[in-house]
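Here are the chains, one letter per residue:
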Amino acid sequence: MSKFKVIKQLKILVISLFSLIILLNCPEVKAIKNSTFLKERQKAYLNSKKFIENNMLSSTGIYTNYLNKSIVSQEASGHQYLSESAGFYLLYLANSSSKNKFQNFYNTTKENFYYKGIFVYRLAANNEKKYKINATIDDLRIIKSLLVYDKIHKTNFYNNEARNLFREYKIVCVNE
C-alpha cells in the first residue's frame, strides 16, 4: 500500500474517531442513556397512547382533534375523521403485537374511508358525509401499513389486499 493511501486512511480514521467522541458526549446521547429519561419517555408514550385510545378513538376512526366537537366547516377541523390519522394509527398497530386491533381497525378504516379506489381523506363526525377526494400520502400510508403488518408478523395475510388496493389506486389517481 502506498504511503499516500495509508495517510489518507489514517486521516479518515482520526476524523471518524473524533466525530464519535463528540457524538457520544453530546447532551442528547447522554439523556437517552439516562434511565430516568427513558422511564419518563416511556411514561409519556403510555399516557399518550391511553389518551388517544380512551378519548379520541371511536368505532369509526380517530377524531381530528379533541376539543372542537361542534365545529363543522369546509376545512378539516373539529370532531371529524381523517385518513391521515387512520394511516398513522394502522402503522402503530402494525408495529405492535396486537394483531386483532390492527385487523379490526383496518376493517373499520376500509369500511368507512374506502370509496371507488381511494381512501377519502375526511369523514364528517356523524359519518354521513364522505369528502370524495383523497390525499396520496394517506392512501400510500394505509397500504404501507398492510405490508408492514405482514413483514413484522411474518404473514402474507395482507399482501394481496395491498396489491389490489394499489392497482385500484393507480387506475383512479395515476395517469400513465
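Reading guide: rules and limits
- Residues numbered from 1 in each chain as written.
- Predicted model: local features only at pLDDT ≥ 70, side-chain atom pairs only at ≥ 80, totals over all residues.
- Heavy atoms only, no water.
- Helix = DSSP H or I, 4+ residues; strand = E, 2+ residues; numbered from the N terminus.
- Buried < 20%, exposed > 50% of the residue type's maximum accessible area, 1.4 Å probe, protein only.
- Contact = heavy atoms within 4.5 Å.
- Expected span 1.5 Å × (residues − 1).
- Arc of directions from axis to C-beta.
- Core = buried A, V, L, I, M, F, W, Y, C linked by side-chain atoms within 4.5 Å.
- Phe/Tyr/Trp six-rings, centres within 6.5 Å; stacked < 30°, edge-to-face > 60°.
- Lys NZ or Arg CZ within 6 Å of the ring centre and 35° of its normal.
- Salt bridge = Lys/Arg side-chain N within 4 Å of Asp/Glu carboxyl O.

**Describing the side chain of T109**
At step 1: Its place among the elements puts T109 in helix α5 (residues 99-113).
At step 2: On the basis of relative accessible area, T109 is assigned to the buried category, the value being 0%.
At step 3: Excluding anything up to four places from it in sequence, T109 contacts A86, L90, Y114, F119 and I142.

**Section: α5**
At step 1: Taking 1.5 Å as the rise per residue, α5 with 15 residues should run 21 Å; its terminal C-alpha atoms sit 21 Å apart, in good agreement.
At step 2: Buried within α5 are the following residues: F102, F105, Y106, T108, T109, N112 and F113. Along the axis of α5, the buried residues cluster in a sector spanning 165°; they form a single face. Exposed and facing more than 90 degrees away from the buried side of α5 are N100 and E111.

**Details of the environment of K144**
At step 1: Along the chain, K144 turns up in helix α6 (residues 136-153).
At step 2: Separated by 18 residues in the primary sequence, K144 and A162 have C-alpha atoms spaced 7.7 Å apart.

**Quick look at unusual backbone geometry**
At step 1: Despite not being glycine, K116 shows a phi value in the positive range, around 50°.
At step 2: On the secondary structure map, K116 appears in the loop between β2 (114-115) and β3 (118-123).
At step 3: The class of K116 is exposed, set by a relative accessible area of 64%.
At step 4: With a phi close to 55°, K154 is a non-glycine residue in the positive phi region.
At step 5: Among the structural elements, K154 can be located in the loop between α6 and α7 (159-173).
At step 6: Exposure remark for K154: the relative accessible area of 74% places this residue in the exposed category.

**Thoughts on the nonpolar core**
At step 1: Of all hydrophobic cores here, the largest spans 28 residues; its most connected members are F102, F105, Y106, F113, F119, L146 and L165.
At step 2: Among the secondary structure elements, those contributing two or more residues to this core are α4 (83-95), α5, β3, α6 and α7.
At step 3: The element that contributes the greatest number of residues to this core is α4, accounting for six residues.
At step 4: For L165, the residues in contact, after removing those within four places along its chain, are Y106, K110, Y114, F119, I143 and L146.

**Details of the packing of aromatic side chains**
At step 1: Tallied over the full model, the rule gives eleven aromatic pairs.
At step 2: Both rings, one in Y89 and one in F105, keep their centres 4.9 Å apart while their planes meet at 80°; by these two values the pair is edge-to-face. Of this pair, Y89 sits in helix α4 while F105 sits in helix α5, and the two are 16 residues apart along the sequence.
At step 3: Note on Y89: relative accessible area 9%, which makes it buried.
At step 4: Ring plane angle 75° and centroid distance 5.6 Å describe the contact between Y106 and Y158, whose orientation is recorded as edge-to-face. Residue Y106 is found in helix α5, and its partner Y158 is found in the loop between α6 and α7; the two are separated by 52 residues along the sequence. Grouping residues by exposure puts Y106 and Y158 together as buried.
At step 5: Grouped by ring-pair contacts, the aromatic residues F102, Y106, Y149, F157 and Y158 constitute a single cluster.
At step 6: The aromatic ring of F88 is capped on one face by R141, whose charged end is 3.9 Å from the ring centroid.

**As for the pattern of salt bridges**
At step 1: For the structure on display, the rule yields four salt bridges.
At step 2: One salt bridge connects E53 with K49, and the closest N-O pair in it is separated by 3.6 Å. Taken together, the residues span about one helical turn, with E53 and K49 both in helix α3 (residues 35-56) at a distance of four residues.
At step 3: Taking the relative accessible area as the measure of exposure, K49 reaches 27% and is therefore partly exposed.
At step 4: Its salt-bridge partner being E161, residue K110 comes within 2.9 Å of it at the nearest N-O pair. Placement of K110 in helix α5 and of E161 in helix α7 is noted, with a sequence separation of 51 residues between them.
At step 5: For K110, a relative accessible area of 28% translates into the label partly exposed.
At step 6: One network of salt bridges, with partners in common, ties together K49, E53 and K101.

By themselves, these figures tell us nothing about what the structure is for.
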